[in-house]
Amino acid sequence: MRSMSLFLRLGIGFVLLLGICWASASLSAWHQTRETLDELFDTQQMLLAKRLLTLDFSSLDKATLPKTKEILRHHRGDQDDDALAFAVFTRDGRQVMNDGDNGRYLPFEAEYQGFHEGQLTNDDDRWRFVWLTTPDQQFRVVVGQESEYRDDMTRDLMKASMLPWLIALPFMLLLLIGLVWSELRPLKTLAQQLAQRAPDDDTPLQADRVPKEVQPLMVALNGLFSRISAMMQRERRFTSDAAHELRSPLAALQVQSEVIQLTADDEVMRSHALQQLDAGIIRATRLVDQLLTLSRVEADDARSAFETVALKRTVQETLAAQLPLADKTGVTLRLHADADPQIQGHPLLLSLLVRNLLDNAIRYTPAGSEVDVRLQANSLSVEDNGEGLSAADLQRLGERFWRPPGQEKSGSGLGLSIVRNIAQLHGMQVSFSQRSGGGLCVTLRWSAPAP
């Protein structure tokens, strides 16, 4: 089911809101106006009744005042026979006086004092009466008013006050809908930009007059586009690097495979080719492993798996895992741990960092030499006894696929690049320096105390 648009929802909401508010205000105004009119007319009835009590009715037998229309045929104003009516009765119910209009039809009540509801003797419309008795208890005075007169008065007042608002409501609604339409236009522009956007476009979104409430969404989207662009660049770089670096070892494997096929009768050449094939497979496997590790290190989501890591234990376990390789090449590994720092990091990646440092040192250290690993509260260094590097070569260490010229050892130039990326992920600074007496010293430093 297609969802309703925001503009349509707001339009319907405004119509309902204005309708409910107008209806509620009208009912409240009607109630308050009616209460005010009841109070006014009750006061008027009571005042007229009190004035009638001051008259002397003892000499009256049957007095009927002339009708209003007979007194003034012209210029009598707007009169309503139902506005007020009065009559005077004796205690036994004989009417001795009325107003000449509806007063003659007022019913008699012998004992009731004050206001009450009733009807005329010739009509079934509802009237409001007030009854008073003269001080000598000889006569009863009644003043009445038709309730419909009060209803009409209330309706006229409400019409005068609410009709202008009722007329203005459609214009208010149109103005509100126009305002909403104008305010939603930047969102439509934003949607058009998103619809026309290329998958690899990382330029920030631009939209004029974007509401402040939508700006955090734009900031989040721009951040998302930046991260997606960085991820795509990493994927493209990984694909390009993998295609470039795997071309040579795969070509070498193919050559060795062809040699094996051609030397089926020469056991010596066949054995040598198999050895070269095995070595090529190992190099290709190592290269793929390093490429995948580098791609994983460059991913931003590795930070979500950070935990407290005892670095001394990590170094010890990694060093123990590298002992077979060190023994094979005749290199001695030594650990000098002056502290046991606890840092926030990724256990596996930190282990890979130490492993790559040790592997690089073992590979480029002559047989019979030593590799010293020094662990302090806020630093880790790995020192070897290799040939060392020039100052210019030290500046380039850690670049992807770069190896110092003249190297005889096989490699891809990714080991120290992986180290640099893992260190950067953990907020560590990497430095390369020449060791006194020859060799390379790689030092990692981090803030102390570590979080």
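See above for the structure.
All values derive from a computational prediction rather than experimental measurement.

Moving on, we come to unusual backbone geometry. In the Ramachandran plot, Gln137 falls in the positive-phi region, its phi being about 65° despite a non-glycine side chain. Summarising the element assignment, Gln137 is placed in the loop between strand 5 (127-133) and strand 6 (139-146).

In the contact formed by helix 6 (residues 311-329) and helix 7 (residues 347-363), the axes pass within 9 Å of each other and the chain directions differ by 25°. Taken as axis vectors, helix 6 and helix 7 run roughly parallel relative to one another. Handedness of the crossing formed by helix 6 with helix 7: right-handed. Here Thr314, Val315, Thr318, Leu319, Gln322, Leu325, Ala326 and Thr329 of helix 6 come into contact with helix 7, specifically with Leu350, Ser351, Val354, Arg355, Leu358, Asp359 and Ile362. Class assignment of the residues belonging to the contact of helix 6 with helix 7 gives a composition of eight nonpolar, five polar and two charged.

This part covers the packing of aromatic side chains. The full count for this structure, using the stated rule, is six aromatic pairs. Each ring, one from Phe108 and one from Trp131, has its centre 6.1 Å from the other, and the planes form 85°; the classification is edge-to-face. You can see Phe108 sitting in the loop between strand 3 (95-98) and strand 4 (114-118) and its partner Trp131 sitting in strand 5, a full 23 residues away along the chain. Ring geometry for Trp127 and Phe129: centres 6.4 Å apart, planes at 20°, overall stacked.

Attention now moves to the sheet that holds strand 13 (residues 440-445). In space, the five strands of this open sheet follow the order 8-10-11-13-12, with mixed pairing throughout. One side of each edge strand has no neighbouring strand; the edge strands of this open sheet are strand 8 (332-337) and strand 12 (429-434). If you compare each strand with its neighbour and ignore which way they point, the axes differ by 15° on average. Where strand 12 and strand 13 come together, six bridges link them in antiparallel fashion. Paired with Ser433 across the bridge in strand 13 is Cys441. Across the sheet, helix 6 lies against strand 8, strand 10 (370-376) and strand 11 (379-383), angled at about 170° from strand 8, the strand it touches most. Where helix 7 meets the sheet, its contacts fall on strand 8, strand 10, strand 11 and strand 13, and the angle it forms with strand 11 comes to roughly 20°.

Summarising the element assignment, Glu307 is placed in strand 7 (residues 307-310). For Glu307, a relative accessible area of 42% translates into the label partly exposed. Along the chain, Glu307 and Ile343 lie 36 residues apart, while their C-alpha atoms are 8.0 Å from each other. In this view, Glu307 contacts Ile343, Gln344, Gly345 and Pro347; residues no more than four positions away in its chain are not counted.

What counts and what doesn't
Residues numbered from 1 in each chain as written. Predicted model: local features only at pLDDT ≥ 70, side-chain atom pairs only at ≥ 80, totals over all residues. Heavy atoms only, no water. Helix = DSSP H or I, 4+ residues; strand = E, 2+ residues; numbered from the N terminus. Axes fitted to C-alpha atoms, helices over the stretch in contact; angles between N-to-C directions. Parallel < 35°, antiparallel > 145°, perpendicular 65-115°, else oblique. Left-handed = near helix turned anticlockwise from the far one by under 90°. Contact = heavy atoms within 4.5 Å. Nonpolar A, V, L, I, M, F, W, Y, C, P; charged D, E, K, R; others polar. Phe/Tyr/Trp six-rings, centres within 6.5 Å; stacked < 30°, edge-to-face > 60°. Pairing = 2+ DSSP bridges. Buried < 20%, exposed > 50% of the residue type's maximum accessible area, 1.4 Å probe, protein only.

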